[in-house]
Every structure is written in structure tokens, then in C-alpha cells.
Amino acid sequence: DEISCSFSNPRLALSFANINRLEMAAQHRETAVGPPTAPDEHSNPPVNHEEEAVARFVRLGARGVADVFGGDDTAGVLELLEQASRNDPTFLDFGITFQNFGDRGACIIAEALKNNTTVNLLNLSGDRISDVGACAMAKMLERNTTIEDLTLALNDIGPKGATALANVLKVNSTLQIVRLYNNTIGATGAAALADALKTNTTLTELIIFYNGIGDDGALALVEALKVNTTLRALDLDQNDLTDRSARELLALLQVNPTLNRLELRYSNVSDDLRAQIEALLEDPSRAAWASGEVDTKPACEIPLERKESA
């Protein structure tokens, strides 16, 4: 298998085959013995297994890794890739943040984790990952069954990357927390995530503040959460929301008993409406309703439909 994304811009298409070619080029620079030749198919059969492909890249040493990751802690990156590729049972958290390695690095990490069965937390914040890298992560998550906590915050992921991740949420039954804050997923990306939430039964936290989803993105999430019964936390801070979507979110809290954290700070929501949402979230009767102790839904103090002024 190759990690690849089909986008209209051919420069965005990146596969692990390209990384193999980078390996050969780096190996040539390292040894300075002339251009590399294709391996003899009889004496050196091609390697197909993803872990062995990653191992080949890792064996290039510090300079080869630095060509892609470009950070100061090359030895640390090597160690993480080696631990992931060999399924080190003590290796539970994989984090490389603010290293600016971009989509090529994201593809290498995705290949290392595709068959990993030990890592349960992956944090690649601030690494200049775009839609291509997000697609690589999504392909990996189609097969990985241990990662529960995914953070791809402070990157360059747009609607296409968010859609790829949303599609994998329809089949992945392991992820519990997804943090995509400070990206550019927009209303389209939020709608894709909303569609996934209609069938996903394992995600409990979705953190997507500062993504420009607007009222349309928020309203798509409202519709999804009318049927989703597992999401407990939704962070929509700094997303240009207004009372249009906030009123629907308030109404949602009266039909969805499991959502107990909803963040709407730094938005264009009126103070009164925001206060009502916060009060409803903290209402003990709503907690009792969510736990099944009572059957009566908590009441809302302000009308859900905007009244026309006289």
C-alpha cells in the first residue's frame, strides 16, 4: 500500500514511493559513490512491508532524517520512528511538535504507525501539516486500532484534510479524542465531521476552535448531535458564531443529555444567550436527566425562536 491523496493539484500528491526515492538520493549523498542503481530483482527482492520500508529510511541515519524533519533533535526523531516501527511495548505516546516537517514527515510517521499496536496518543501540533498529511493520517487510522487521542492542531489542514479524517471516523472505533484546533477546516470540514458523528459511537471529545466554521458549520454539528449519544465535549471557541447557531445549540442541549461541555468563547453570541447555555450545562436537573435519574428534560428560560420586535 502507498499513502496517497488525489487532489487536483498534482504537486499535492505524495506517496511513500517518493520517500523511497528520497532514501536512495540521501544514501547517494551519504556514500558519494555515484548514482544509485535499481536493485537486482533476483538478489535483492523488493521490500513491500511498511515497517521494513520505515526501517530502511531510519537506517539512513541523522542526515537522511534531517532532510525531511529538519529539526535539531534528529536523534530523538530516529528513536521515535524506531520505537514505533518495532512495536516497543513501552512506547505509548508519540509526539513531535513545532518541527515544521510538513507533509513528507507526516507520511513517514503515518507509515511507521500503520501497523503499530502500542501507541495510544499521537500529537503532531505545529508541524505545518496540510491536507496531504491529514490524508496520510486518515489512511493510517483505517488500520491502526490503538490510537485513542489524536492532536493535529496548529497546522494547515483545510476542508479536504478534515473530510479525510471525518471519513475515517466512520470506520475507526478506537479514537476517543480529536483535536484539530487552529486549522482552516471551515464550514465544509465541520459538515464532514458532523456527518461522521451521526454514526460514530466512540468519539467523546472534538476540539475544533479557531477554524472559521461559522454558523453553517455549527448548525451541521447540531443536526448530528441530535442523534449522536457519545460526544461529551465540543469546543467551538473563536469560530465566528452568532445567535443564529447559538440558539440551536441551546435547543440541542434539551434533547441531547450527554453533551456536557460546550465552549463558545470569543464569538459573536450575545451575553444573555451565552449565559443561558452555560446555566443549562451546569443545571443539576440536566445532569440527573443525562444519568437517567429523572425523565423530565430541563427547561430553557428564554424562547428558542427569535421574537420579532414590535
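Because the structure is a prediction, the values reported are computed rather than measured.

Cut-offs used in this document
The numbers attached to residues start from 1 for each chain and follow its sequence in the written order. Residues qualify for local features only when their pLDDT is at least 70, as the model is predicted, and side-chain atom pairs are given and counted only at 80 or more; totals for whole chains, interfaces and linings, by contrast, use all residues. Calculation of side-chain values draws on the structure's entire complement of heavy atoms; hydrogens and water are dropped beforehand. Numbering of helices and strands starts at the N terminus; helices are DSSP runs of H or I of at least 4 residues and strands are runs of E of at least 2. Buried residues are those whose accessible area, probed at 1.4 Å on protein chains only, stays under 20% of the maximum for their type, while exposed residues exceed 50% and partly exposed ones sit between those limits. We call two residues contacting when some pair of their heavy atoms lies within 4.5 Å. Helix axes are fitted to C-alpha atoms over the stretch in contact, other axes to C-alpha atoms as well, and angles between N-to-C directions run from 0 to 180 degrees. When an angle is under 35 degrees it counts as roughly parallel; over 145 it counts as roughly antiparallel; between 65 and 115 it counts as roughly perpendicular; any other value is oblique. For a helix, the expected span equals 1.5 Å multiplied by the number of residues minus one. Both site types are read off a 1 Å grid over the protein atoms alone. A 1.4 Å probe that fits but cannot get out defines a cavity, while an open set with protein on both sides within 12 Å along at least five of seven lines defines a pocket; lining residues have an atom within 4 Å of a point. Grid points are joined across faces, edges and corners, and a volume is the space filled by probe spheres set on the points. Following the grouping adopted for this structure description, the nonpolar residues are Ala, Val, Leu, Ile, Met, Phe, Trp, Tyr, Cys and Pro, the charged ones are Asp, Glu, Lys and Arg, and the polar ones are all others, Gly among them. Any pair of Phe, Tyr and Trp rings, taking the six-membered ring for Trp, is counted once the centres come within 6.5 Å. Such a pair is stacked with planes under 30 degrees apart, edge-to-face with planes over 60 apart, and tilted for the rest. Only strands joined by at least two bridges in the DSSP assignment are considered to pair.

Novice: How do you make sense of the overall build of the chain when you look at a structure like this?
Specialist: A tally of regular secondary structure across the chain gives 12 helices and 7 strands. Residues classed as buried in the chain amount to 50% of the 310 residues present. Across the chain, the fraction of contacts at a sequence separation of at least 24, relative to all contacts at a separation of at least 6, is 79%.

Novice: What should I look at first to understand the packing of helix H8 (residues 186-197) against helix H9 (residues 214-225) in this one?
Specialist: The angle between the axes and the distance between the axes are what describe a pair of packed helices. The geometry of H8 relative to H9 is characterised by a closest axis approach of 8 Å and an angle of 5° between their N-to-C directions. Judged on the interaxial angle alone, H9 and H8 are roughly parallel. Each of Ala187, Ala190, Ala191, Ala194 and Leu197 in H8 lies in contact with H9, whose residues at this interface are Asp216, Gly217, Ala220, Leu221, Ala224 and Leu225.

Novice: For this particular structure, what's the right way to read H9?
Specialist: Every α-helix winds through 3.6 residues per turn, so residues three or four apart in the chain are directed the same way. Helix length check: H9 (12 residues) gives 17 Å between terminal C-alpha atoms against 16 Å at 1.5 Å per residue, within 8%. Among the residues of H9, those classed as buried are Gly214, Asp215, Gly217, Ala218, Leu221, Val222, Ala224 and Leu225. The secondary structure elements touched by the buried residues of H9 are H8, strand S5 (205-207), strand S6 (233-235) and helix H10 (243-252).

Novice: Can you help me understand empty space enclosed by the protein in this one?
Specialist: Rolled over the atoms, a probe as big as a water molecule pinpoints where empty space is left. Tallying each qualifying case throughout the model produces 1 cavity of 30 Å³ or more. Each pocket or cavity is described by its volume, and for the largest cavity that value is around 30 Å³. Around the largest cavity, the lining residues are Leu150, Leu165, Leu169, Leu175, Val178, Leu180 and Leu193. Taken together, the residues of the lining of the largest cavity sort by class into 7 nonpolar, no polar and no charged.

Novice: Would you mind showing me how to read the side chain of Asn239 here?
Specialist: Mapped onto the elements of the fold, Asn239 is located in the loop between S6 and H10. Overall, the relative accessible area of 0% leaves Asn239 in the buried class.

Novice: Sorry, what's going on with the packing of aromatic side chains here?
Specialist: Any pair of aromatic rings gets described here by the distance separating the centres and the angle formed by the planes. Applying the stated criterion to the full structure yields 2 aromatic pairs. Ring geometry for Phe91 against Phe94: centres 5.7 Å apart, planes inclined by 55°, an arrangement best described as tilted. Of the residues examined, Phe94 reaches a relative accessible area of 0% and is grouped as buried. Both rings, one in Tyr181 and one in Phe209, keep their centres 4.5 Å apart while their planes meet at 10°; by these two values the pair is stacked. Of this pair, Tyr181 sits in the loop between strand S4 (177-179) and H8 while Phe209 sits in the loop between S5 and H9, and the two are 28 residues apart along the sequence. On the basis of relative accessibility, which here comes to 18%, the residue Phe209 falls in the buried class.

Novice: What should I look at first to understand unusual backbone geometry in this one?
Specialist: Glycine aside, the phi torsion of most residues is negative, and most peptide linkages are trans. At Asn87, a position not held by glycine, the phi torsion is positive, near 60°. Mapped onto the elements, Asn87 comes out in the loop between helix H4 (74-85) and strand S1 (93-95). With a relative accessible area of 23%, Asn87 lands in the partly exposed category. One non-glycine residue, Asn100, lies in positive phi territory at about 55°. With respect to the helices and strands, the residue Asn100 is situated in the loop between S1 and helix H5 (102-113).

Novice: Would you mind going over the sheet that holds S4 with me for this structure?
Specialist: Across a sheet, strands are paired by hydrogen bonds formed along the backbone, either parallel or antiparallel in direction. If you walk across this open sheet you meet the 7 strands as S1-S2-S3-S4-S5-S6-S7, and the pairing is parallel. Two strands lie at the open edges of the sheet, namely S1 and strand S7 (261-263), each paired on one side alone. Neighbour-to-neighbour, the strand axes of this sheet turn through a mean angle of 5°, independent of strand direction. Sheet topology note: the strand S3 (residues 149-151)/S4 ladder contains 3 bridges and is parallel. When the bridges of S4 are listed, Leu150 appears paired with Val178.

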